[in-house]
Amino acid sequence: MESFLHTKWISTAASIWIQCTGGASYTFGIYSSILKSSQSYDQSTLDTVSVFKDIGANVGILSGLLYSTVTARRSGLLSGPWVVLVTGAVQCFVGYFFIWASVVGLIGQPPVPVMCLFMLLAAHAQTFFNTVNVVSGVQNFQSFSGTIVGIMKGFLGLSGALLIQVYNTICQGDPTTFILILAITPTLVSLSLMPFVKIHGTTSVSDKKHLNGFSYIALIVAAYLMVIIIFENVFVLPSWAQIVTFVFLLALLASPFGIAFKAYGDSGWSSLETSCLMYDPKPMPPTEYDEVQEQGEYGEIRGEPDQGKSIALSSDVNLLDDQDDIVFDLSKAMLTADFWLLFIAMICGMGSGLATINNISQIGESLGYSTVERSSLVALWSIWNFLGRFGAGFLSDILLHKGWARPSFMVITLATLTFGHLIVASGFPGNLYIGSIVVGICYGSQWSLMPTITAEIFGVRHMGTIFNTIAIASPIGSYIFSVRIIGYIYDKVATGEDKSCYGTRCFMISFFIMASVALLGFLVAFVLFIRTRKFYGGIVVQRLGRS
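Residues numbered from 1 in each chain as written. Predicted model: local features only at pLDDT ≥ 70, side-chain atom pairs only at ≥ 80, totals over all residues. Heavy atoms only, no water.

> Help me out: how do you make sense of the state of the cysteines in this one?
In a disulfide, the sulfur atoms of two cysteines are held together by a covalent bond. A full pass over the atoms with the stated rule returns one disulfide. Linked covalently through their sulfurs, Cys 501 and Cys 506 form a disulfide whose S-S length is 2.0 Å. Where Cys 501 bonds to Cys 506 through sulfur, the torsion about that S-S bond is close to -90 degrees, and the disulfide is left-handed. Considered together, Cys 501 and Cys 506 belong to a single accessibility category, that of buried residues. (Disulfide = S-S within 2.5 Å. Buried < 20%, exposed > 50% of the residue type's maximum accessible area, 1.4 Å probe, protein only.)

As structure tokens, this is what we get:
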């Protein structure tokens, strides 16, 4: 029997805790005002810094390559996921520490490019934490990849609200101290728990039951956070009440370790746990998708038929691993139309959603929302972001086992995102509360659906590198929408010495433009859905049916 500390369940619980502190980039709205005033930035400059935050938090090619390298080694000092976590922890501390030092005047005011570098380093740590937790989770629970990705991405989405509770309880509304806490907390948590995050090639008949346990904890934590945020918005809680609610929150976050212990106990009574690498060696019967591959249709890029055909025809040799799974490396994946359809859809969905959260505090200020209301919007965004990430992964996994193609969820959420941007653009009283719910859920959904679809279409072996490459679409879209559209239009209509703008005119045009872009993303995702229907009707469903 495996030691409790060396099971995939304790690994999952440790990953959840790292995810809970790894989303510091989502709290930018808390300290963006002090950063803007202390460094004498205008809105466009602040948006430029925020774009480098987005680049760091989403461009995870290096973390994907490093993860593939260190996990491919069977032994040696620099082998295993811990190497990636240490690399992320160092970047997190260095980046946020120098941002804090700049704000408090410990060092001289850095030039804008240097501040952008600090922000890039701080946020880039998130990709290292996220890559380890998501990819190792998928490798540990391949039959329920959507569920485990939803759990990991969901807790990452909740991390913004969790860290804001740290801000409310410990910092007492001081954003400068909060920046220092962002340098220390994720670093300590990841370094403390990194020995437990490992890849375990086992599967069990009780996997789904215990994964559901983690899911229930996630929902309870999200509901509890939402109640706290609403209470803080309506009432002024005394210090002792904030401490009590925070301690209870920590107790809830300890629950995953209890589930891990229960799962370990169940596995002790079961001899059904076997290696994931020991699937039925008999080849799968031919499917309609196999016939499509033989004809060179799958992966073919219009205008480059020879390249697409060569990939499709070589699938029997190069694209199948020892698990009867599909294997594309990054270079082969980038030669497929499906890669670029995902990439464009993510520019539209992730990019416009990220631009919304980066500017939600300024939008609230222009519409007359109070400071408490703006902080609540930032915190509640994490809840909606979580619901999108968790719900899309959990529900799409259930329906995938019933024959639904996962890209259909991407089509639905991007269509809904269009209406969310229109609500924000409207400017009616309370529009930000409704609009942030719609945009937050739809934005979060993309972060759960995209990695899972990537693993299913291109395989698990190089999943970390491929999905992190597609995630570059998020900062690209954020730069276009935040700097070139939102920031540019805001500065054009702003008046006064403080370069502030008030009224619906500040952001209305920008969000009408982003609604149009989200509609384009819906159309692109629909094309992806049409292209992959046969694939999901064949290989994926049969593989899940065997597990």
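> What am I meant to see in the pattern of salt bridges here?
A side chain with one charge can pair with a side chain of the opposite charge if their charged atoms come near. Under the definition given, this model contains four salt bridges. Put simply, Lys 332 and Asp 329 hold a salt bridge, and the shortest N to O gap is 4.0 Å. Residue classification places Lys 332 among the partly exposed residues on the basis of a relative accessible area of 24%. (Salt bridge = Lys/Arg side-chain N within 4 Å of Asp/Glu carboxyl O.)

> Help me understand the confidence of the model for the protein chain, please; the structure alone is not making it clear to me.
Regions with low pLDDT carry predicted coordinates that are not meant to be interpreted in detail. When pLDDT is averaged across the protein chain, the result is 82; 85% of the residues are at 70 or more. Within the model, the stretch residues 269–324 combines pLDDT values under 50 with 89 contacts to residues more than four positions away or in other chains. (pLDDT = per-residue confidence, 0-100. Contact = heavy atoms within 4.5 Å.)

> How do you make sense of the packing of aromatic side chains when you look at a structure like this?
Think of a pair of aromatic rings as described by two things: how far the centres are apart, and how the planes are tilted against each other in angle. If you walk through the whole model with that rule in mind, you get 22 aromatic pairs. Between Phe 386 and Phe 390 the ring centres are 5.6 Å apart and the planes differ by 15 degrees, which places this aromatic pair in the stacked class. On the criterion of helical spacing, the pair formed by Phe 386 and Phe 390 is a turn pair, its members being four residues apart in helix α17 (residues 371–400). Of the residues examined, Phe 390 reaches a relative accessible area of 6% and is grouped as buried. Between the aromatic rings of Tyr 490 and Phe 507, the centroid separation amounts to 5.4 Å while the plane-to-plane angle is 45 degrees, which identifies the pairing as tilted. Here Phe 507 lies in the loop between α21 (473–493) and α22 (508–546) and Tyr 490 lies in helix α21, a separation of 17 residues in the sequence. (Phe/Tyr/Trp six-rings, centres within 6.5 Å; stacked < 30°, edge-to-face > 60°. Helix = DSSP H or I, 4+ residues; strand = E, 2+ residues; numbered from the N terminus.)

> Please clarify how the side chain of Gln 242 should be interpreted in this entry.
On the secondary structure map, Gln 242 appears in helix α10 (residues 239–253). Gln 242 sits in the buried class, given a relative accessible area of 12%. Contact partners of Gln 242, with chain neighbours within four places excluded, come to Asn 168, Thr 169, Gln 172 and Leu 237.

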